[in-house]
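Structure assessment
Each chain, letter by letter, is given below.
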Amino acid sequence: MWAFGITILELFTRVEPFSDCRRVPGFFRKLLGRELPPRPIEEATQFRLTDAWWEICISCWEDDPSSCPPIVHVLEKVKTTVVCTLVITKTV
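Below you will find a few notes about this structure. (Residues numbered from 1 in each chain as written. Predicted model: local features only at pLDDT ≥ 70, side-chain atom pairs only at ≥ 80, totals over all residues. Heavy atoms only, no water.)

Focus on the overall build of the protein chain
From N to C terminus, the protein chain includes four helices and zero strands. Going from the N terminus to the C terminus, the protein chain shows its helices and strands as α-α-α-α. Looking at the protein chain as a whole, 27% of its 92 residues are labelled buried. Approximately 6,700 Å² of the protein chain is accessible, and the part contributed by carbon and sulfur atoms is 62%. (Helix = DSSP H or I, 4+ residues; strand = E, 2+ residues; numbered from the N terminus. Buried < 20%, exposed > 50% of the residue type's maximum accessible area, 1.4 Å probe, protein only. Areas by Shrake-Rupley, 256 points an atom, 1.4 Å probe, with all protein chains shown as cover.)

Structure (structure tokens):
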């Protein structure tokens, strides 16, 4: 689930999470320290990373994998979020 949340974040930012780590040890230090990627500024995602999308990412990054929602629930949330985004975009 963790990788799914990271993939969503990468799709919105077009940047690898923890890209500020120039070397592998720094990357692993952040992972082992359970540091989560920060929420990107709106401009970095062209204002597309809504609160709903960020909540999906966060739900995938639970410390205890058994606390993560099942993929079926995450995918349902993704479908709902995509539909809401499309409706908002079309009405604007």
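What about the nonpolar core?
Soluble globular proteins: nonpolar side chains tend toward being buried together. Core analysis: the biggest nonpolar cluster contains 13 residues, and Trp53 and Trp61 have the highest contact counts within it. Secondary structure elements with two or more residues in this core: helix H1 (2-13), helix H3 (51-60) and helix H4 (71-91). Counting residues per element, this core draws most heavily on H3, which supplies five residues. (Core = buried A, V, L, I, M, F, W, Y, C linked by side-chain atoms within 4.5 Å.)

Section: the pattern of salt bridges
Side chains that differ in charge, positive against negative, can pair when their charged atoms come close. Counted by the stated rule, this structure contains three salt bridges. A salt bridge links glutamate 35 to lysine 30, with the shortest nitrogen-to-oxygen separation between them at 3.7 Å. We note a salt bridge from arginine 39 to aspartate 51, for which the minimum N-O separation is 2.9 Å. One end of the pair, arginine 39, is in the loop between helix H2 (24-32) and H3; the other, aspartate 51, is in helix H3, and 12 residues separate them in sequence. When salt bridges with common partners are traced through the structure, they connect Asp20, Lys30 and Glu35 into a single cluster. (Salt bridge = Lys/Arg side-chain N within 4 Å of Asp/Glu carboxyl O.)

Points about the packing of aromatic side chains
Going through the model one piece at a time under the given rule, you end up with four aromatic pairs. The interplanar angle of 70° and the centroid separation of 5.9 Å between the aromatic rings of phenylalanine 18 and phenylalanine 27 together place this pair among those described as edge-to-face. The class for phenylalanine 18 is buried, based on a relative accessible area of 8%. For the pair phenylalanine 27 and phenylalanine 28, a centre-to-centre distance of 5.6 Å together with 70° between the ring planes defines the contact as edge-to-face. A relative accessible area of 44% places phenylalanine 28 in the partly exposed class. (Phe/Tyr/Trp six-rings, centres within 6.5 Å; stacked < 30°, edge-to-face > 60°.)

Quick notes on the layout of surface pockets
In this approach a probe as big as a water molecule rolls over the atoms, and the regions it shows empty are the leftover space. One number sums up the size of the largest pocket: a volume of about 270 Å³. If you trace the largest pocket, you find 15 residues lining it, with Val15, Phe18, Ser19, Pro38 and Pro40 closest to the centre. For the lining of the largest pocket, the per-class residue count stands at eight nonpolar, two polar and five charged. Here the second largest pocket is characterised by a volume of approximately 230 Å³. Lining the second largest pocket are 13 residues, and of these Trp2, Arg34, Trp61, Glu62 and Asp63 sit closest to its centre. (1 Å grid on protein atoms, 1.4 Å probe; cavity = no way out; pocket = protein on both sides within 12 Å on 5 of 7 lines; lining within 4 Å. Points joined across faces, edges and corners; volume = space filled by probe spheres on them. Nonpolar A, V, L, I, M, F, W, Y, C, P; charged D, E, K, R; others polar.)

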